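Working through the structure, step by step
Here is what each chain is made of, one letter per residue.
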Amino acid sequence: MGHAVARAVRGLLNWRSLRWKIAALVAMASCAVAMAVGALVHQSTFERSMSLGRARAFTELLYVVDEYRRTGVMPAEPESEQIPPALLRQVQSTGRFGTWYDDRNPDIPWMWAARPVDGQVPAVRVDMGSEMRGLRALDRHIVIASLLVLAVVVPLAALAAELPNRRLRRVARTARRLADGDLDARSMMGGRRGDEITEISATVDSMADSLRDRLLTEQSFTADVAHELRTPLTGLVFSMELLPDGEATDLVRDRVRVLRALVEDLLEISRLDVGGERADRALVPLDRVVAESADRAGLGIRLTVTGDPVAETDPRRLDRIITNLVANACRHGRPPVEVTVSGTTIVVRDHGPGFPDEVLAEGPQRFRTGAAERGHGHGLGLTIAAGQARVIGATLTFANAPDGGAMATLCLPPLPPLPPLPPLPPLPPTAGIAGES
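These lines cover the structure that appears in this document, whether it is placed above or below. On a predicted model such as this, the values are computed, not experimentally measured, just so you know.

With respect to the sheet that holds strand β1 (residues 98–102)
- Strand order in the open sheet formed by 3 strands is β1-β2-β3, with antiparallel pairing between adjacent strands. Pairing within the sheet leaves two strands with one partner each, and these edge strands are β1 and β3 (123–127). Neighbouring strand axes in the sheet, compared pairwise and without regard to direction, differ in orientation by 20° on average.
- Bridge count between β1 and strand β2 (residues 110–114): 5 bridges; the pairing is antiparallel. From the neighbouring strand, W100 faces β2, where its bridge partner is W112.

In structure tokens form, the structure reads like this:
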């Protein structure tokens, strides 16, 4: 339960998640819309304020001009140096009515109106402070409303993105299970139709079906070939014993032994493929078992054992694994071949060209030997070792040593902890020594 909660928290905090990318996209789109609408409202309100200001200034200027024509006295007007120079140049050059918005003092903006009359330029100004303050208040309200909308829309977008995100995670889990060898894993989202996630899920499921069918076909072919070869091979073995001794007979016997070993390997792989093998566990002294297996597999093996390692495993299957690993190192690598036992970890390494990239990336595959410099073979030894390791619950990994050479590491399960000892029963009371009467 704690791991599930931790994964959920990590998923929520992962800013690379599709959930937050969708939320960020929605936030960007919302900001763009808010900016566009805000700019449009601001500009429209500003132009309307300017139009109303010009109308008010024009009305007051008409009143001043009418008063001058009626009385012949020019009403009091602003000082000429206060009139914007651009407005003076405009009305003097055109001889007609003109207006000018004066924002030289942002705190007290004015709308000016002027018109030449009998060689004079009467001018009036209208205070635009209230209009500009209203415009700034409108801008603030637009910003606040946009932030409030974002505060609601972004979480809703993240929640709305959770459903497709959850479906994608389900497809990813299925793909990981397939990569780990579980060919029965399926996304099972065929009920939903019409979107890309369903297509991806269907493709992954179809790929899993195809892989499973191909693997079953391959396993069936291997088992059939092994069983079909067993009968003629038995006849060859009996016939071989009837041949007279000689160089040709020795060559035939050697090839028959190779063929017999190949058939036995194929039969063992077919049994491992079925998955019915069970380990017969016992306490095994690793130093003795590994030493015997290494001696049978090759000559001149350097064995290094730390302490007195003991493991609970199947000794027959462990012997098979060690024998195959050492034989593979002797056949495809270069000496010295070193076997190291430390605790429940066994490392077999050579000093040859190392494992090919295909083995490091995908693990051993039957009938694939990898690079040519690692020699020739059927590619069954490492496959059998990996299968037997799975049966006994061990982990077998392949790597190349930094200074050259292939290195196979077998990690056996550790011994289970010993149960606590039961408490000792209380000692009986000490009997007194009887005195002489």
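From this point, the narrative continues.
Focus: the packing of helix α8 (residues 315–332) against helix α10 (residues 381–391)
- In contact at an axis separation of 9 Å, α8 and α10 are set at 150° when each is read in the N-to-C sense. The orientation of α8 relative to α10 falls into the category roughly antiparallel. The handedness of the crossing between α8 and α10 comes out as left-handed. Residue-level inspection shows R317, R320, I321, N324, L325 and N328 of α8 in contact with α10, the latter providing G381, L382, I384, A385, Q388, A389 and V391.
- Of the residues contributing to the contact of α8 with α10, the split by class is 7 nonpolar, 4 polar and 2 charged.

Some remarks on the sheet that holds strand β7 (residues 338–342)
- Pairing is mixed across the open sheet formed by 5 strands, whose spatial order is β5-β7-β8-β10-β9. The open sheet is flanked by β5 (302–306) and β9 (395–400), the only strands paired with a single partner. Neighbouring strand axes in the sheet, compared pairwise and without regard to direction, differ in orientation by 15° on average.
- The sheet contact formed by β9 and strand β10 (residues 406–411) spans 6 bridges and is antiparallel. Paired with T397 across the strands is T409, a residue of β10.
- Along the sheet, helix α7 (residues 286–297) contacts β5, β7 and β8 (345–349); its crossing angle with β5, the most-contacted strand, is approximately 175°.

Remarks on the pairing of strand β6 (residues 310–313)
- Only one face of β6 is covered, namely the one carrying A311 and T313; the face carrying V310 and E312 has none of its residues buried.
- Note that strand β4 (residues 282–285) and β6 share 4 bridges and pair antiparallel. Each bridged residue has a counterpart across the sheet, and for A282 the counterpart in β6 is T313.

Examining a nonpolar patch on the surface
- Residues F58, L62 and F97 make up a contiguous nonpolar surface patch of roughly 220 Å² in combined accessible area.
- If you trace the backbone, F97 turns up in the loop between α3 (85–94) and β1.

Looking at α10
- Burial analysis of α10 places 8 of its 11 residues in the buried class, the great majority of the element.
- When we look at burial in α10, the residues that qualify are L382, T383, I384, A385, A386, G387, Q388 and A389.
- Positioned one or two residues after α10, G393 has a phi angle of 75°, which is positive.

What counts and what doesn't
Every chain is numbered on its own, with residues counted from 1 as its sequence reads. Totals for whole chains, interfaces and linings use all residues, but because this is a predicted model, local features are given only for residues with pLDDT of at least 70 and pairs of side-chain atoms are given and counted only at 80 or more. Water and hydrogen atoms were dropped before computing side-chain values, which therefore reflect all heavy atoms in the structure. Only strands that DSSP links by at least two bridges are regarded as paired with each other. Secondary structure elements are defined from DSSP: runs of H or I of at least 4 residues count as helices, runs of E of at least 2 residues count as strands, and each element is numbered from the N terminus. Note on geometry: axes are C-alpha line fits, over the in-contact stretch for helices, and angles between N-to-C directions span 0 to 180 degrees. The scheme is simple: roughly parallel for angles under 35 degrees, roughly antiparallel for over 145, roughly perpendicular for 65 to 115, oblique for anything else. Whether a crossing is left-handed or right-handed is set by the direction in which the near helix is turned from the far one by less than a right angle, anticlockwise for left-handed and clockwise for right-handed. Every residue pair with non-hydrogen atoms within 4.5 Å of one another is taken to be in contact. Note on residue categories: nonpolar means Ala, Val, Leu, Ile, Met, Phe, Trp, Tyr, Cys or Pro, charged means Asp, Glu, Lys or Arg, and polar means any other residue, Gly included. When a residue's accessible area, from a 1.4 Å probe over protein chains only, is under 20% of the maximum for its type it is buried; when over 50% it is exposed; and in between it is partly exposed. Patch criteria: residues need more than 30% relative accessible area and no salt bridge. Like-charged residues are merged within 9 Å; nonpolar side chains of Val, Leu, Ile, Met, Phe, Trp and Tyr are merged within 5 Å. With residues, only the protein chains shown are counted as cover, and all accessible areas are computed by Shrake-Rupley using a 1.4 Å probe. What counts as a salt bridge is simple: a side-chain nitrogen of Lys or Arg found within 4 Å of a carboxyl oxygen of Asp or Glu.

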